[in-house]
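# Structural features, examined
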Amino acid sequence: MKLLRLKVEQLRQFRKPVEIKGLEPGINLFTGPNESGKSTLVRAIRAAFFERHKSSSVEDLQPWGDSAAVPTVELDFEWEEQSWKLVKSFLKKKRCDLTVDGAPYSGDDAEEKLSSLLGYEFAAKGASKQQHWGIPGLLWVEQGAGQEIQAPVEHAGQHLKAALGGNLGEVTSSTGDELINQVTAERAKLLTTTGKATGNYAKAIADADTLQEQFDALQDRIQQYRQQVDRLGQLREEQSQAETERLWESYRQQAKEAEARLNEVASWQKEQDRDQQAFKDCQTSIQATLDLLAGFQSQQQDLERRQQEKEVAEQQQANLEERKPASEAALEEAKRAHEAARKALKLAQQHQQRADLVRELEGIEGELVNDKSKLERTKALHASLLENRQKQQSSQIDPQTIQRLKEVVAELDRLAIQQDAVATRLEFDLTDDHSVTLDGKSQAGKSEHLLIEPGEVAIKGIGTLRVLPGGEDVAEIARAKQSLTDEQESLLSRLQVASLAEAEERLKQLQTLEQAIQQDESLLKELAPEGLESLSDRLQLKQARKDALVPQIQALPEQDESSLSPSRAEAQLESAKEVLEEAEEAHQTLKSDLLLAEQAQNRARQEWDRLSNDLQVADRKQREKQAGEQLTELRTKERHLSDQIEKREAQINEANPEALEQDVRRLTQSADAAEKQEDERQRELIQIQARLESAGAEGMEEQSAELETVLDRAARRKRELERRANALDLLLASLTAHRLELTRQLQAPLQKHLNHYLRLLFPEASLNVDENLIPEVLVRQGHGGEERGQFNELSFGAREQMALISRLAYADLLQEANKPTLIILDDALVHSDAERLKAMKRVLYDAAQRHQILLFTCHPDNWRDLGVVARDVEGLRL
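Residues numbered from 1 in each chain as written. Predicted model: local features only at pLDDT ≥ 70, side-chain atom pairs only at ≥ 80, totals over all residues. Heavy atoms only, no water.

### Some points on the overall build of the protein chain
For the record, the criterion: A run of H or I in DSSP becomes a helix once it reaches four residues, and a run of E becomes a strand once it reaches two; helices and strands are each numbered from the N terminus. The globule rule used here is 2.2 Å times the number of residues to the 0.38 power, and the radius of gyration it is set against is calculated over C-alpha atoms. Note on classification: 1.4 Å probe, protein chains only; a residue is buried when its accessible area is under 20% of the maximum for its type, exposed when over 50%, partly exposed between these limits. Positive charges are assigned to Lys and Arg, negative charges to Asp and Glu, while His and the chain termini are left out of the count. By convention, charge coordinates are those of NZ in Lys, CZ in Arg, CG in Asp, or CD in Glu.
The helix and strand inventory of the protein chain stands at 19 helices and 20 strands. Here the C-alpha atoms of the protein chain give a radius of gyration of 68 Å, more than 25% beyond the 29 Å that 2.2 N^0.38 yields for 878 residues. Principal axes of the C-alpha set define a box for the protein chain whose edges measure 205 × 140 × 50 Å. Within the protein chain, buried positions represent 36% of all 878 residues. Looking at the protein chain, you have 118 positive and 158 negative side-chain charges, and the mean spots of the two groups are 3 Å apart.

### A short note on the sheet that holds strand β13 (residues 455–459)
Test applied: A pair of strands is treated as paired once DSSP finds two or more bridges between them. To define axes, lines are fitted to C-alpha atoms, for helices over the stretch in contact only, and angles between the resulting N-to-C directions are given on a 0 to 180 degree scale.
The 4 strands are arranged β11-β10-β13-β14 in an open sheet whose pairing can be described as antiparallel. A strand with exactly one partner marks an edge of an open sheet, and here the two such strands are β11 (441–443) and β14 (463–467). Ignoring which end each strand starts from, the neighbouring axes of this sheet average 25 degrees apart. Of the pairings in the sheet, the one linking strand β10 (residues 436–438) to β13 comprises 3 bridges and is antiparallel in character. Note on β13: the bridge partner recorded for Val436 is Ile459.

### Quick notes on helix α17 (residues 796–816)
Keep this limit in mind: To estimate how far a helix should extend, the number of its residues minus one is multiplied by 1.5 Å.
Over its 21 residues, α17 extends 31 Å from the first C-alpha to the last, a length consistent with the 30 Å expected when each residue adds 1.5 Å. For α17, the buried fraction is high: 18 of the 21 residues fall into the buried class.

### Focus on the sheet that holds strand β4 (residues 72–79)
Heads up, the condition is: Here, residues are in contact when the closest pair of their heavy atoms is within 4.5 Å.
As summarised here, the arrangement of the 6 strands in space is β2-β1-β4-β5-β6-β7, forming an open sheet in which the pairing is antiparallel. This sheet does not close on itself; its edge strands, each paired only once, are β2 (18–20) and β7 (103–106). Recorded for the sheet is a direction-independent mean angle of 10 degrees between the axes of neighbouring strands. In this structure, β4 lies alongside strand β5 (residues 82–89), joined through 8 bridges in antiparallel fashion. Note that in β5 the partner of Glu74 across the bridge is Val87. Across the sheet, helix α2 (residues 107–118) lies against β4, β5, β6 (95–100) and β7, angled at about 55 degrees from β6, the strand it touches most.

### Remarks on the packing of aromatic side chains
Convention followed: Only rings of Phe, Tyr and Trp enter the pairing, Trp through its six-membered ring, and a pair is recorded when the two centres are within 6.5 Å. The plane angle decides the type: under 30 degrees is stacked, over 60 is edge-to-face, the rest tilted.
Taken as a whole and judged by the stated rule, the model has 8 aromatic pairs. Taken together, a centroid distance of 4.8 Å and an interplanar angle of 15 degrees make the contact between Phe30 and Phe856 stacked. Taken as a pair, Phe30 in strand β3 (residues 27–31) and Phe856 in strand β19 (residues 853–857) lie far apart in primary sequence, 826 residues in all. Between Phe50 and Trp140 the ring centres are 5.4 Å apart and the planes differ by 35 degrees, which places this aromatic pair in the tilted class. Here Phe50, found in helix α1 (residues 38–50), pairs with Trp140, found in strand β8 (residues 140–141); they are 90 residues apart in sequence, far enough to count as distant. Across the pair, exposure class does not vary: Phe50 and Trp140 are buried alike. Taken together, the aromatic side chains of Phe49, Phe50, Phe77, Trp84, Tyr120, Phe122, Trp133 and Trp140 make up a single cluster linked through ring pairs.

### Observations concerning the environment of Arg342
Within the element layout of this structure, Arg342 appears in helix α8 (residues 247–394). Taking C-alpha positions, Arg342 is 109 Å from Glu19, a pair spaced 323 residues apart along the chain.

### Some thoughts on the pattern of salt bridges
Filter applied, for reference: Here a salt bridge means any side-chain nitrogen of Lys or Arg lying within 4 Å of a carboxyl oxygen belonging to Asp or Glu.
For the structure on display, the rule yields 40 salt bridges. For Arg252, the salt bridge is made with Asp672, and the minimal N-O distance between the two is 2.7 Å. Of this pair, Arg252 sits in helix α8 while Asp672 sits in helix α15 (residues 657–695); the two residues are 420 residues apart in sequence, bridging distant segments of the chain. Judged by its relative accessible area of 31%, Arg252 falls in the partly exposed class. On the basis of relative accessible area, Asp672 is assigned to the partly exposed category, the value being 39%. Measuring nitrogen to oxygen at the nearest pair gives 3.4 Å for the salt bridge that ties Arg665 to Glu661. A residue pair is termed a helical-turn pair when its members lie 3 or 4 positions apart in one helix, as Arg665 and Glu661 do in helix α15 at 4 residues. Accessibility expressed as a relative area gives 40% for Glu661, which makes it partly exposed.

### As for the pairing of strand β18 (residues 823–826)
On β18, burial covers both faces: Ile823 and Leu825 on one face and Ile824 and Asp826 on the other are all buried. Pairing analysis gives 2 bridges linking β8 to β18, with the strands arranged parallel. Its bridge partner lying in β18, Trp140 is registered against Ile824. With 4 bridges joining them, β18 and β19 adopt parallel strand pairing. Across the sheet, Ile823 pairs through a bridge with Ile853, a residue of β19.

### Describing the nonpolar core
Filter applied, for reference: Put simply, buried Ala, Val, Leu, Ile, Met, Phe, Trp, Tyr and Cys residues joined by side-chain atoms within 4.5 Å make one nonpolar core.
Among the nonpolar cores identified, the biggest contains 94 residues, and Phe49, Trp140, Met802, Ile805, Leu825 and Leu844 are the most heavily contacted of them. No other element matches the 11 residues that α17 contributes to this core. Residues Leu412, Leu415, Leu500 and Ala503 belong to the second largest nonpolar core, which totals 17 residues.

### Quick look at the side chain of Ser806
The criterion, for reference: Pairs of N or O atoms are called polar contacts if they sit within 3.5 Å, as long as, within protein, a hydrogen donor faces a hydrogen acceptor (for residues adjacent in sequence, only side-chain-to-side-chain pairs).
Examined against the element boundaries, Ser806 turns out to sit in helix α17. What makes Ser806 buried here is its relative accessible area of 1%. A distance of 2.9 Å separates a polar side-chain atom of Ser806 from the backbone oxygen of Met802.

### Some points on a negative patch on the surface
Quick note on the threshold: Distance thresholds for patches are 9 Å for like charges and 5 Å for nonpolar side chains (Val, Leu, Ile, Met, Phe, Trp, Tyr), applied to residues having over 30% relative accessible area and no salt bridge. Areas reported here follow the Shrake-Rupley algorithm with a probe of radius 1.4 Å; residue values treat only the protein chains shown as occluding.
A contiguous patch of negative charge, built from Glu574, Glu578, Glu581, Glu582, Glu584 and Glu585, is present on the exposed surface. Examined against the element boundaries, Glu574 turns out to sit in helix α13 (residues 566–615). Classification of Glu574 by relative accessible area gives partly exposed; the value is 41%.

The structure is reproduced here in structure tokens:
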């Protein structure tokens, strides 16, 4: 199918007729910005085919605000060497006319012929929707819907089957469909699509399960009845035995005996606690006595240590006193060297100052010579500038007046030329013996005159000839010339010159003078930027500085060969300073060490004196003896308490108070448990008796027999329906498998076309389709090997690309079946990156070798390399 011409009128944006001719059999590219009408053209094509001409649900086709408009679409296309022409109008003038190679069709007949050709259907009521669009809905992509493929394929399914025929016809034959539908319907009465029971089968299962539950529950009750009879006999036997033994009374007596033994052990523990406290107090006293004896011993040892410290301090002080004279001599020597270095630096600085002043003096003398020369030049320039400015004031002339004078002179010259052209030319050629007069002036021989005003020629003896120049131009030229002459004289008077040349010469002299003034001003600014007075003041200041430098230089000492440089003198002073600081630091350290040694000696002597006095106290030996005797008594008491504590601890451990305490609790709890058990046994016995009396009146054995019969009938019904459901399920699976095998035979050519396009985008990739011929899995090679991606899990851009490839593959399949194809893409592939878009252009270009493609875009730069000339939609309006 090849679309040749499209014309729209009074449709949305296109109020005026817009016609597109000469559409190419391959790619046709339409570009334009948003709101330029691209989608309007796509909507016009879709409306021409999909919408009933009698529909009242297409108000969106009318131009905005024009309810009286008649949206009209005209289409010319070719199919199988036949020319088709469609004209369809909507709303106010509802009409549809179709011509096929001259054969006319109209109204519903025309629309049905178109739908049969392309494979779509019309809505029964209202506007056409996606489910009606069939094959064109698959190949014509609306803006923003490029990534959707499942719904278009499903909606085109029946039309695809009818169009492709062949094996697909076997798959979708009426007999096969009826059988599958019949089996599916019968199976649906018993099983859901997921295989769960439903209908009578589900009811049979539920009934059987309910009866089984009732039967099981009844059997449980019968079993419970029998168990309760046995339990009743057991409880009566246990009750009789418990009344005979009365264990709770025995347990309580044993608990009282254990509690009395526990109280006796508690009294032993109190005595043990008192002895342990006495033992701790004894140990504390022993430690205090030991500390006192150790103090006596430590005092003697401290006295000996202090004696040694005193001797060491005296020796250190003696050693430091020996070093003192040498340290003082080194300090004095460092001070003398530092003073000499300081004086040498001062002298070097004076020498340096003298050299700096001499250099400054020499520089000032050179600057004075330059400044004096500059001052003389500046004075000369200043005088010349004053003179030229005076000349400028006396030679002023207005350039605009001169320009006007030029214009007047030029206009006079032009008028003179015109006057010569229109004036009356009067020529005389008289013999020597004759003469005439012109305006009273005698004329003889040959002469020529131009008359612009009336004149009289008097001929002696004949009369007078009056010459009147003809035409209005002569008078006008004369008047204009006279006016300009007056203006020229006024301008010359204003300029005080006699001619234009003199005025121009004066202007030239003035311009030359102004240039000289500018040059002098520039030189003067360069020589004396701050003015002549400032330059003169600066010269005086430099002269004064020169006069001040001479006595300063004479007052400073002159440098000789032995003089040091300031840097050398500073280095020597720094070295002497470091030596002095080291000597001062060493001397100060020595003084500090002497002071510290003296203090250490005094402290050692004082400590030795104190300890010696302490050891000479009269009662010290008596106190040391008493402490020794007290220590012996305390150790005897400690051993006695330790033995007593050990014996009692063994007695307590043998009695095991913890076990006694547990026995009290255990026996008391056992008595309580025995009494509670007896009470619970009595209550259970009463309850079982009541339940057995109630159950005996229900006749459960008879109920069980009746219920078992009903359950057997329900189980047989369930098995019958189960066998039927399994048989139908198996039959449907076999039929579906056979149909699926035939479907796979159709997948092969579609897969071939898909892989053909896919190789242009992803080499070595494949796009698998499901049994409904819908793209399902994209298989491609990644960095880690083979990658599989579900279609719906791909990115938006990738889904759009795969969907377009699928549409093109369907188009190839339809073309092989000799069915018409037309591909329309409205702003497709807008989510593709540069590399993917480049590959998709190859795909489109390849498809365009077999199909006509209408591509609409608002990104013309993305499609420049598509190999076609773009059509500007905005230009169509013009």
